[in-house]
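Secondary and tertiary structure notes
Spelled out from the first residue to the last, the chains are:
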Amino acid sequence: MTASSIAKDLRAEIRAGTYKPGDRLPSEAALMTTYGVARMTARHGLSMLKDEGLTVTRHGSGVFVRSFDPIVFDSTGSASDDSTITPVMDETDAGLTVRTLAVTPEEDPTEEARKALGLEPGVQVTTRERLHVKGRKPMLHGVSYVPASIAAGTPIAEDEIGPGGTYARLKELGHEPVKFHEDVVARMPTIEEIEALRIEPGTAVLQVMRTALDSEGVAVEYSRIVLDGGEFMLRYNFDA
C-alpha cells in the first residue's frame, strides 16, 4: 500500500461525505494499523491531502477536513463602500471590515500601474493600500492607483475617503467609471502574502487586476488585489 493509495481512499471518503468539513481524519497510528504501513507512508498520505488544500493540520489535535464556505465576490455588481474593486458580497453578510494601511498622495507608480493607466514616465499617482479582514483573519489585500492629476486635493488622497469609496469620489469629480478591464490569475502565494493573509499551506491566491475607464475611455483607476483563494469565489454575470 502506497501513500498515494491512502490519499486516494481518504479523498474519496471526503468527497462522498463520509468525512465532512471540520471532521478529524484518522491519525497516523490508525492509518498504520488499517493499511499495514510504516508511519512515514501514513504521514505522506495525509500530507498529500494537505498539499491539495483538502485538509488542515492543527498541531496537537490532528488533521481535519478543510471547510470552504466562500465569500462570493461579484465583480459585475454595483459599487460597495470603500472598496478597491467594487465587489458585491452575497446576502449572508461577508462580515468584512476594511483597514486603510497607507495613503500616499503623490508617488511614482509601479511599472504595472503606469502602463495600465497609460501614464508617461514621471507622472505621479495617489496610492491607496487596504486590507480586508474577517474577524482576525486577513482575507484580501488591495492597492489602487489614481492619477494625481485627478486625486490631488480630494478625499481620494485622504485616509477617510467617505461613503462609496474611490468610485463615488471619481463620479463627483466628473470621472465616473463606466467600463472596466479585468484580468484574473490564480497562482501560489509569495512568502510575504502567506504571512500577510495567513494563508494555509497548499492554498493558491487569486490576483485581480482591474482598470476603470471613464466615458471618454480614459483610465482613471488601476487596482491590484490579492485574495485568499481558500476564502473567495469570483462571480461574473454577462449576456450571451
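Throughout what follows, the structure given in this document is the object of discussion. No experiment lies behind these values; they were computed from the predicted model shown.

Conventions and cut-offs
- Residues numbered from 1 in each chain as written.
- Predicted model: local features only at pLDDT ≥ 70, side-chain atom pairs only at ≥ 80, totals over all residues.
- Heavy atoms only, no water.
- Helix = DSSP H or I, 4+ residues; strand = E, 2+ residues; numbered from the N terminus.
- Rg over C-alpha atoms; globule rule 2.2 N^0.38 Å.
- Contact = heavy atoms within 4.5 Å.
- Areas by Shrake-Rupley, 256 points an atom, 1.4 Å probe, with all protein chains shown as cover.
- Lys, Arg positive; Asp, Glu negative; His and termini not counted.
- Charge placed at Lys NZ, Arg CZ, Asp CG, Glu CD.
- Axes fitted to C-alpha atoms, helices over the stretch in contact; angles between N-to-C directions.
- Parallel < 35°, antiparallel > 145°, perpendicular 65-115°, else oblique.
- Left-handed = near helix turned anticlockwise from the far one by under 90°.
- Pairing = 2+ DSSP bridges.
- Core = buried A, V, L, I, M, F, W, Y, C linked by side-chain atoms within 4.5 Å.
- Buried < 20%, exposed > 50% of the residue type's maximum accessible area, 1.4 Å probe, protein only.
- Patch = residues over 30% accessible without salt bridge, like charges linked within 9 Å, V, L, I, M, F, W, Y side chains within 5 Å.
- Salt bridge = Lys/Arg side-chain N within 4 Å of Asp/Glu carboxyl O.
- 1 Å grid on protein atoms, 1.4 Å probe; cavity = no way out; pocket = protein on both sides within 12 Å on 5 of 7 lines; lining within 4 Å.
- Points joined across faces, edges and corners; volume = space filled by probe spheres on them.
- Nonpolar A, V, L, I, M, F, W, Y, C, P; charged D, E, K, R; others polar.
- Phe/Tyr/Trp six-rings, centres within 6.5 Å; stacked < 30°, edge-to-face > 60°.
- Lys NZ or Arg CZ within 6 Å of the ring centre and 35° of its normal.

Secondary structure summary: the protein chain contains seven helices and 10 strands in total. In summary, the protein chain has a C-alpha radius of gyration of 22 Å against a globular reference of 18 Å for 240 residues, an excess of more than 25%. Considering only contacts within the protein chain whose residues lie at least 6 apart along the sequence, 60% involve residues at least 24 apart. Surface exposure of the protein chain reaches about 12,700 Å², of which carbon and sulfur atoms provide 51%. Averaging the positions of the 26 positive and the 37 negative side-chain charges in the protein chain gives two centres separated by 9 Å.

The angle between the axes and the distance between the axes are what describe a pair of packed helices. Running from N to C, helix H1 (residues 3–16) and helix H3 (residues 39–51) point in directions that differ by 45°, and their axes come no closer than 8 Å. Taken as axis vectors, H1 and H3 run oblique relative to one another. Judged by the sense of rotation from one axis to the other, the crossing of H1 with H3 is right-handed. Touching Ala-3, Ser-4, Ile-6, Ala-7, Leu-10, Arg-11 and Ile-14 of H1 are Thr-41, Ala-42, His-44, Gly-45, Leu-46, Met-48 and Leu-49, all from H3.

Two strands in a sheet stick together by hydrogen bonds in their backbones, pointing the same way (parallel) or opposite ways (antiparallel). Taking strand neighbours across the sheet as the criterion, the six strands line up as E4-E5-E6-E9-E8-E7 in an open arrangement whose pairing is antiparallel. Only two strands of the sheet have a single partner each, and these edge strands are strand E4 (96–107) and strand E7 (179–187). Adjacent strand axes in the sheet meet at a mean angle of 15° when their direction is disregarded. Bridge count for strand E6 (residues 137–147) against strand E9 (residues 219–228) is six bridges, and the pairing is antiparallel. Counted as the bridge partner of Val-143 is Arg-224 from E9. Lying on the sheet, helix H6 (residues 165–172) is in contact with strand E5 (125–134), E6, E7, strand E8 (205–213) and E9; it crosses E9 at an angle near 175°.

Grouped together as the largest cluster of nonpolar side chains are 16 residues, with contacts concentrated most on Leu-10, Leu-25 and Leu-31. Listing elements by their share of this core, those giving two or more residues are H1, helix H2 (28–35), H3 and strand E2 (62–65). No other element matches H1, which puts five residues into this core. Not counting residues within four places of it along the chain, the set of residues in contact with Leu-31 comprises Ile-6, Leu-10, Pro-26, Gly-36, Val-37, Ala-42 and Leu-46.

Once that is clear, we can look at a nonpolar patch on the surface. Taken together, the side chains of Val-184, Tyr-236 and Phe-238 make up a nonpolar region of the molecular surface, amounting to roughly 330 Å² of accessible area. Inspection of the secondary structure puts Phe-238 in the segment after strand E10 (232–235). For Phe-238, a relative accessible area of 71% gives the class exposed.

A few words on the layout of surface pockets. Estimated volume of the largest pocket: approximately 300 Å³. Of the residues forming the lining of the largest pocket, the biggest block, three residues, is contributed by strand E1 (residues 55–58). For the lining of the largest pocket, the per-class residue count stands at five nonpolar, four polar and nine charged.

To continue, consider the packing of aromatic side chains. The full count for this structure, using the stated rule, is two aromatic pairs. With centroids separated by 6.2 Å and ring planes inclined at 25°, the aromatic side chains of Tyr-145 and Tyr-222 adopt a geometry described as stacked. Of this pair, Tyr-145 sits in strand E6 while Tyr-222 sits in strand E9; the two residues are 77 residues apart in sequence, bridging distant segments of the chain. Like Tyr-145, the residue Tyr-222 is buried in the burial classification. Consider the rings of Tyr-167 and Phe-180, whose centres lie 5.6 Å apart with planes at 45°: the pair is tilted. On the criterion of sequence distance, the pair formed by Tyr-167 in helix H6 and Phe-180 in strand E7 is long-range, its members being 13 residues apart. Sitting over the ring of Phe-64, Arg-58 keeps its end group 4.1 Å from the ring centre.

Time to look at unusual backbone geometry. Even without a glycine there, the phi angle at Arg-198 is positive, about 55°. Looking at where Arg-198 falls in the secondary structure, it is placed in the loop between helix H7 (191–197) and E8.

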